[in-house]
Amino acid sequence: MPDHGVMSLSTQEADLFESYRGRLEAIAYRLLGSAGDAEDAVQETFLRWHAADRTLIETPVAWLTKVLTNLYLNQLTSARARRETYVGQWLPEPVLAGDPMLGPADTAEQRESVSFAMLTLMERLSPNERAVYVLREAFGYAHREIAEILDLTESNCQQIYRRAKQHVSTGEARAEVDAATARKIVEQFLAAALSGETEPLIRLLTDGAVSVADGGGRIPARKIPVVGALDIARYVRNLFRPTDARRAFVGDEVVFYADVVNGAPAVLVVTGARVYGIFALDPTPDGVAAIHIQVNPEKLQRITRQWAAAGPHRPLELAW
């Protein structure tokens, strides 16, 4: 007998879902801080779409967003459990400029919502706070729409949003960085890092700068943040010192590139065809306020694919 539990998917219905995939992935990335987990959540949303009686769905994008958000709420408990046992510092998975996963970047709020700083700050929020904040701040959903997605009252959503905004507010608007500006910032940073001296780095950093590194227990990385211009300068100088041990670990064919990652100017450390590491810089009028270092190979797979697809690239003249 035929299976009436699953409705066949027409080409039009499949195409309709694909037209929303980029938006759904951008929402999921902001909710989860992981491009890989975001792809999985969107694929599961597609399976729910395939299995649903779509004749009863009046507004597909609203239905899909609700399914995706509920999947996130269900996944977050296990995701947080994994992060509690995570080795060292946790940073979000980096995403290269131009990747659809970044989603809309028309407003300062949208750009800020995918910065390393904001994605890390959002880890402090409760699941509902993060969902409300992302849907409102980055995608402009009305509180009434968010209430329907999360099965809350509109006034409750407004309260949650205010609370979430207080928890993650930095008081600073994020400036948009284009490729040319990013390259200049990266060139200055890399010249200082490769100089073998601390003073050039200190001059580039703010007094209260912070450096956080994520190796995921797979690549050696500092397990606690480094704070202050002097300590960071010493730390970075040593990281960029081409010792025999480091060459043996990373390889001889190390090339540096400048790019924009999560809206920030970044040094891409490339060996062979693989992005080995990323130094994302948070520039302010007073200097670089933060350095986010991602070397966990699991979190560099997507950016390696995206970087290779976007080539060829012009390497920085400075080299190891």
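This is a predicted model, so every value here is computed, not measured. (Residues numbered from 1 in each chain as written. Predicted model: local features only at pLDDT ≥ 70, side-chain atom pairs only at ≥ 80, totals over all residues. Heavy atoms only, no water.)

Counting 46 residues, the largest nonpolar core has Tyr29, Met122 and Tyr133 as the members making the most contacts within it. Of all the elements in the fold, those that place two or more residues in this core are helix 1 (11-32), helix 2 (35-51), helix 3 (60-84), helix 5 (116-121), helix 6 (127-138), helix 7 (143-150) and helix 8 (154-168). Apart from the residues lying within four places of it in its own chain, the contact partners of tyrosine 29 are Ser34, Ala35, Ala38, Glu93, Pro94, Val95, Met101, Val114, Leu119 and Asn262. Judged by nonpolar contacts, the second largest core, of 32 residues, contains Ala209, Ala213, Ala229 and Val288. (Core = buried A, V, L, I, M, F, W, Y, C linked by side-chain atoms within 4.5 Å. Buried < 20%, exposed > 50% of the residue type's maximum accessible area, 1.4 Å probe, protein only. Helix = DSSP H or I, 4+ residues; strand = E, 2+ residues; numbered from the N terminus. Contact = heavy atoms within 4.5 Å.)

Looking now at the sheet that holds strand 3 (residues 254-261). Read from one edge to the other, the open sheet built from six strands follows the order 2-1-6-5-4-3, with strand pairing classed as mixed. Both outer strands of the open sheet, strand 2 (226-227) and strand 3, are each paired with one neighbouring strand and no more. Both strand 3 and strand 4 (residues 264-271) contribute to a ladder of eight bridges, which runs antiparallel. Its bridge partner lying in strand 4, aspartate 259 is registered against alanine 266. (Pairing = 2+ DSSP bridges.)

It is worth spelling out the packing of aromatic side chains at this point. This structure, assessed with the given rule, holds seven aromatic pairs. Aromatic side chains phenylalanine 189 and phenylalanine 240 sit 6.2 Å apart centroid to centroid with 85° between the ring planes, which places their arrangement in the edge-to-face category. Of this pair, phenylalanine 189 sits in helix 9 (residues 179-193) while phenylalanine 240 is found in the loop between helix 11 (229-239) and helix 12 (244-250), placing the two residues 51 residues apart along the sequence. Phenylalanine 240 sits in the buried class, given a relative accessible area of 4%. Taking NZ or CZ as reference, arginine 54 lies 6.0 Å from the ring centre of tryptophan 49, over its face. Of note, arginine 222 hangs over the ring of tyrosine 235, and the distance from its end group to the ring centre comes to 5.4 Å. (Phe/Tyr/Trp six-rings, centres within 6.5 Å; stacked < 30°, edge-to-face > 60°. Lys NZ or Arg CZ within 6 Å of the ring centre and 35° of its normal.)

Another aspect to go through is the domain arrangement of the protein. Splitting the protein by domain gives domain 1 (11-168) and domain 2 (179-310). Centre-to-centre, using C-alpha coordinates, domain 1 lies 28 Å away from domain 2. Carbon and sulfur atoms supply 58% of the area buried between domain 1 and domain 2, which totals about 2100 Å² over both sides. Among the residues of domain 1 in contact with domain 2, Gln89, Leu91 and Leu96 are the three that bury the most area, contributing 34% of the side total. At the junction of domain 1 with domain 2, the criterion picks out two salt bridges. For arginine 302, the salt bridge goes to glutamate 39, with nearest N and O atoms at 2.5 Å. Looking at the side of domain 1 that touches domain 2, the elements that each hand over two or more residues are helix 1, helix 2 and helix 5. Of the residues forming the side of domain 1 that touches domain 2, the biggest block, three residues, is contributed by helix 5. Among the residues making up the side of domain 1 that touches domain 2, the classes are represented as 17 nonpolar, three polar and four charged. (Domains from an automatic or database assignment. Buried area = accessible area lost by both parts, 1.4 Å probe. Salt bridge = Lys/Arg side-chain N within 4 Å of Asp/Glu carboxyl O. Nonpolar A, V, L, I, M, F, W, Y, C, P; charged D, E, K, R; others polar.)

This brings us to the environment of arginine 80. By the secondary structure assignment, arginine 80 is in helix 3. The exposure class assigned to arginine 80 is partly exposed, which follows from its relative accessible area of 28%. Taking C-alpha positions, arginine 80 is 10.0 Å from leucine 32, a pair spaced 48 residues apart along the chain. Every residue in contact with arginine 80, bar those within four places of it in the chain, is listed here: Glu123, Leu125, Ser126 and Pro127.

Where helix 1 contacts helix 2, the axes come no closer than 8 Å and their chain directions differ by 145°. Helix 1 and helix 2 meet at a crossing whose hand is right-handed. Touching Glu13, Leu16, Phe17, Arg21, Leu24, Glu25, Ala28, Tyr29 and Leu32 of helix 1 are Ala35, Asp37, Ala38, Glu39, Ala41, Val42, Gln43, Thr45, Phe46 and Trp49, all from helix 2. Classifying every residue of the contact of helix 1 with helix 2 gives 12 nonpolar, two polar and five charged. (Axes fitted to C-alpha atoms, helices over the stretch in contact; angles between N-to-C directions. Left-handed = near helix turned anticlockwise from the far one by under 90°.)

Inspection of every chain in the model, using the stated rule, returns 13 salt bridges. Where aspartate 99 meets arginine 302, a salt bridge forms, and the shortest distance between an N and an O atom there is 2.8 Å. In this pair, aspartate 99 is assigned in the loop between helix 3 and helix 4 (108-112) and arginine 302 in helix 13 (residues 301-309), connecting sequence segments 203 residues apart. On the basis of relative accessible area, aspartate 99 is assigned to the buried category, the value being 4%. A relative accessible area of 9% places arginine 302 in the buried class. Note that glutamate 123 is salt-bridged to arginine 130, the shortest N-O span being 2.7 Å. Judged by relative accessible area, which is 21%, glutamate 123 ranks as partly exposed.

What follows covers the UniProt feature "domain: RNA polymerase sigma factor 70 region 4 type" (unreviewed entry) in the protein. The sites that UniProt annotates as "domain: RNA polymerase sigma factor 70 region 4 type" (unreviewed entry) are residues 117-167. Split by type, residues 117-167 is 76% helix and 0% strand. Its first and last C-alpha atoms lie 13 Å apart. (UniProt positions renumbered as here; feature names shortened; annotations may be inferred.)

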